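What follows is each chain in one-letter form.
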Amino acid sequence: MALGPLAGKLGEVQDAGSNAFLPRSSESAAVNTELEKFRSEGELIPALVVYTGGESDERRAKAAADRRAFQEYAATGQRIAPPAQSRDGEAQMTVVPLSYDDDPFGALDEIREIAAANAPPGVEAHIGGPAGSLQDSVAVFDDIDGTLMAASALVVTLLLLLIYRSPVLWLVPLVAVAFAAVLTQVGTYLLARYGGLPVDPQSAGILMVLVFGIGTDYALLLIARYREELHRHEDRHEAMQLALHRCLPALLASVGTIAAGMCALALADINSSRSLGLVAAVGAACAFLALVTVLPALLVVAGRWVFWPLIPRCGAPVRGGRSGWARIADLVAARPRRSWLLSVGLTAVLALGAVGMSFGLNQSEQFQTEPESVVAQERVSAHYASGASDPAVVVARADAEGAVTSAVERVDGVDEVSGSRRTADGALVSLDVVLEDAPDSEAAKETVAELRTAVHAVDGADALVGGVTAETVDTQRAAARDLVVVIPVVLLVVLGVLIWLLRSLVAPVLLLACTVASNLAALGASYFLFVHVLGFAGIDWSIPLMGFVFLTALGIDYTIFLMTRVREEAALHGHERGVRNGLVSTGGVITSAGIVLAATFAVIGSMPLVTMAQLGVLAGVGVLLDTFLVRTVMVPALALDLGDRTWWPGRLSRPRRTAESASEPVSEYAPDGFPRHHPERV
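Positions within a chain are numbered from 1, following the residues in the order the chain's sequence is written. In view of the model being predicted, local features appear only for residues whose pLDDT reaches at least 70, and side-chain atom pairs are presented and counted only at 80 or more, with totals across whole chains, interfaces and linings using the full set of residues. The side-chain quantities take in all heavy atoms of the structure and omit both hydrogens and water.

## What to know about the overall build of the chain
Strands are runs of DSSP state E lasting at least 2 residues, helices are runs of H or I lasting at least 4, and numbering of each runs from the N terminus. Of regular secondary structure, the chain possesses 21 helices and eight strands. A total of 682 residues make up the chain; the buried ones form 55% of that total. Of the roughly 27,600 Å² of accessible surface on the chain, 59% is carried by carbon and sulfur atoms. In this tally, Lys and Arg are treated as positive and Asp and Glu as negative; His is ignored, and so are the chain termini. Charged side chains are reduced to one point each, which is NZ for Lys, CZ for Arg, CG for Asp and CD for Glu. Distance from the positive charge centre (50 side chains) to the negative charge centre (71 side chains) of the chain: 16 Å. Any residue under 20% of the maximum accessible area for its type is buried, any over 50% is exposed, and the rest in between are partly exposed; the area is computed with a 1.4 Å probe on protein chains only. With residues, only the protein chains shown are counted as cover, and all accessible areas are computed by Shrake-Rupley using a 1.4 Å probe.

Written out as structure tokens, the structure is:
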């Protein structure tokens, strides 16, 4: 509570700069860093106003009149050139040089009003260029933290009301999750301010959804176990102590898996992936800390009445043998091999949807609704050299400007070289290179590759090529590299946690294989939704990696919750009975947790940025598959088919007497939840 005021400062440490979503080692990121040296002259960001439609004379007159009005908003010392007419005579284009330091977005709003005022019939003006694109991108993340937090809280509240059917109980986990959210924001802010933690607007927005989802999952698990213990113990303090003690290994394994898996993204080259992974690890740790301290305290202080009207009474049975989950467990146990073969077959069919995926989204495909800057780019591409709105940028030593310019002009696909600028010390020069093709086209990417080859060959120039097209090329290469580097690390980390938790080698390998199969199925099913239902042009390059890490770290949670309970029950009643009891005991709570987590990720799926929407959909689909297929059918069926070998080489894999065959019972509780010597049982 004392640290609460710091939670609102997270926006102060967010990095929305030009390199926030680029690979660290890329040439385009190096160009952006070099361009900072030109800021001593006042950093400029051009806005582009393109006029189309209507009568030619009226359109030209409108563009000329607007140019004079725009001069008021141009950067100090900058003159606006006369409108450039397209070669086909169907468009006029005015470039307004704005200053980064003088509220460029405010100036853009004024320019937009001027361009819209007194327009002749049929004449349309659209604002684009780097300034327009930046404003549209920033607008996507404007107030995103508050929006996502409010939407997540609403979704979680509604689901908790449905799950608990209590007018009071839903409030307790929500309060604990709110503590977790505040703690997460404070921890992230302090680590970003003083520890160098990278935070960008996208990762900050997803962070709140993740904390609400993970925190609610942990709350559901702990409350369910606490309710069980209240049936067995009159003293609620003792009941909570036992519940927390028995849940803690699963919760520790869960948060360890999530945190370690997310930290593996620190090995990624793309800055936004690194930011999301490290920030998510902080969120998971803070959610765990809040949910094992605040939540138990609130529940014990509140007492049994908080469960009203379904108050758990000491001595009442925890569950009956005729529940829906008992029937599911019996069906799986009746034909375990057929069950896991069918579930594997279904995941294989879903995974086929990933065959032939189309990777990469161009500028017009990055948003669910087309922003004005994209419309302006389309108008420019239709009437001018397609690369006029977002030229490539070449930075080189100033004394090699002539040689570099000559090398650039000889490259096929270059329309013109313009916009030469020098740093204050005269050491560097930057050149704007207008490409013939649209910045996000394959032809433009090939031109950039040839540009780099040409300028790198100029001795002593130290030339670098950047710009929008170069950034796309570098991001694609880095995404492919990150898949190869990060995924094996994540799998090894998860395998290590499972081996520690289950004291076995066979079970962890089995669970990891099921998780990989589930991830592939989720990717295939999600891609089908992206293209054939949601109408996306393809899948963003970053989604396979982030989706795999999220689903591996989060999806394995439900299997951890299941298998820790199965191991506990197997030690008392034998393997086959342990699998059945574990599935029945955790069925309701894990299903509820999966629905809550999938619903919170669906909130991300409603965001206007396609990349965030795709991550939300993929995570939601994957969580539901883990909840209803992998944990319910595939894992129990495989465990039953393998028998005691599941726990090899642990002690549970060796022949032994079970609690029911021993002369002295190991547990004081019968399988139905009654104390063995309770008067009702006698």
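Read on, since the account is not over.
## So, the pattern of salt bridges
Salt bridge criterion: a side-chain nitrogen from Lys or Arg within 4 Å of a carboxyl oxygen from Asp or Glu. The full count for this structure, using the stated rule, is 21 salt bridges. Put simply, R452 and E27 hold a salt bridge, and the shortest N to O gap is 3.5 Å. Here R452, found in helix α16 (residues 442-456), pairs with E27, found in helix α2 (residues 27-35); they are 425 residues apart in sequence, far enough to count as distant. In this structure, R452 and E27 share a single accessibility class: buried. Close ionic contact of K62 with D66 constitutes a salt bridge, the shortest N to O distance being 3.2 Å. Separated by four residues within a single helix, K62 and D66 lie in helix α3 (residues 56-70), roughly one turn from each other. Accessibility expressed as a relative area gives 7% for K62, which makes it buried. A cluster of three or more residues bridged by salt bridges with shared partners is formed by R225, E228, E229, R232, R246, R565, E568 and E569.

## Observations regarding the sheet that holds strand β4 (residues 124-128)
Strand pairing follows a simple DSSP-based rule, namely that at least 2 bridges must link the two strands. Taken in spatial order, the four strands of this open sheet run β2-β3-β1-β4, and their pairing is antiparallel. Edge positions in the sheet fall to β2 (84-85) and β4, since each of these pairs with one other strand and no more. The contact rule is simple, with two residues in contact once any of their heavy atoms fall within 4.5 Å. Axis geometry follows a simple rule: fit a line to the C-alpha atoms, using only the stretch in contact for helices, then measure angles between N-to-C directions, giving values from 0 to 180 degrees. Most of the contacts of helix α14 (residues 372-383) go to β4, to which it runs at about 110°, and overall it touches β1 (44-52), β3 (91-99) and β4.

## Observations concerning the packing of helix α8 (residues 201-232) against helix α10 (residues 271-291)
With their axes 9 Å apart at the nearest point, α8 and α10 run at an angle of 30° to one another. By crossing handedness, the relation of α8 to α10 is classed as right-handed. Contacts from S203, I206, L207, L210, V211, I214, G215, Y218, A219 and L222 in α8 reach S275, L276, V279, A280, G283, A284, A287, F288 and L291 in α10. Here the nonpolar group is Ala, Val, Leu, Ile, Met, Phe, Trp, Tyr, Cys and Pro; Asp, Glu, Lys and Arg are the charged ones; every other residue, Gly included, is treated as polar. Partitioning the contact of α8 with α10 into residue classes produces 15 nonpolar, four polar and no charged. In this scheme the handedness of a crossing depends on how the near helix is turned from the far one: anticlockwise by less than a right angle means left-handed, clockwise means right-handed.

## Quick look at helix α12 (residues 324-334)
Those residues of α12 that fall on the buried side of the exposure criterion are W325, A326, A329 and V332. Along the axis of α12, the buried positions cluster into a sector of 125°, meaning they face one direction only. Looking at α12, the residues exposed on the side facing more than 90 degrees away from the buried face are R327, L331 and A334. As for α12, its buried residues are in contact with α13 (336-351), α20 (575-605) and α21 (610-642). Taken from the helix axis, the directions to the C-beta atoms give the arc we talk about.

## Topic: the pairing of strand β7 (residues 428-435)
For β7, the tally of buried residues reaches seven of eight residues, placing the bulk of the element in the interior. Inspection of the sheet shows strand β5 (residues 392-397) paired to β7 by six bridges, in the antiparallel sense. Note on β7: the bridge partner recorded for R397 is L428. With six bridges joining them, strand β6 (residues 414-422) and β7 adopt antiparallel strand pairing. Residue pairing across strands places R422 opposite V429, the latter belonging to β7. The antiparallel pairing of β6 with β7 creates a hairpin that spans five residues between the two strands, and G426 there sits at a positive phi of about 75°.

## Describing the confidence of the model for the chain
Across the chain, pLDDT averages 83, with 91% of residues at or above 70. In the model, residues 657-682 has pLDDT below 50 throughout and makes 47 contacts with residues more than four positions away in sequence or in other chains. pLDDT is a per-residue confidence score from the predictor, ranging from 0 to 100.

## As for the packing of aromatic side chains
By convention, a stacked pair of Phe, Tyr or Trp rings (six-membered ring in the case of Trp) has centres within 6.5 Å and planes under 30 degrees apart, an edge-to-face pair has planes over 60 apart, and any other such pair is tilted. The tally for this structure, following the rule as stated, stands at three aromatic pairs. On the numbers, 5.9 Å between centres and 40° between planes, the contact of F530 with F536 is tilted. Each of the two residues, F530 as well as F536, counts as buried. Aromatic pair F550 and F601: ring centres 6.0 Å apart, planes at 75°, arrangement edge-to-face. You can see F550 sitting in helix α19 (residues 543-573) and its partner F601 sitting in helix α20, a full 51 residues away along the chain. The class of F550 is buried, set by a relative accessible area of 0%.

## Here's the deal with a nonpolar patch on the surface
Each patch groups residues whose relative accessible area exceeds 30% and which form no salt bridge, using 9 Å between like charges and 5 Å between nonpolar side chains of Val, Leu, Ile, Met, Phe, Trp and Tyr. On the surface, M1, L171, V175, F179 and L298 cluster together to form a nonpolar patch covering roughly 460 Å² of accessible area. Considering every element that reaches the nonpolar patch, the biggest residue donor is helix α7 (residues 171-195), with three residues. Note on placement: M1 falls in the segment before α1 (4-7). Classification of M1 as exposed rests on a relative accessible area of 82%.

## Digging into the nonpolar core
One recurring pattern in soluble globular proteins: nonpolar side chains tend to sit buried together. Ranked by internal contacts, the top residues of the largest apolar core, which has 149 residues, are Y218, L295, L299 and F561. By residue number, the principal contributor to this core is α21, which donates 18 residues. Residue contacts for Y218: discarding those within four places in its chain leaves L251, S254, V255, I258, F288, L291, D557 and F561. By nonpolar core we mean a set of buried residues, namely Ala, Val, Leu, Ile, Met, Phe, Trp, Tyr and Cys, connected to one another through side-chain atoms within 4.5 Å.

## Regarding the side chain of T447
One can find T447 in helix α16. Overall, T447 belongs to the buried group, its relative accessible area being 4%. Each residue touching T447, except ones within four places of it in the same chain, is listed here: V411, D412, G413, V414, L435 and D437.

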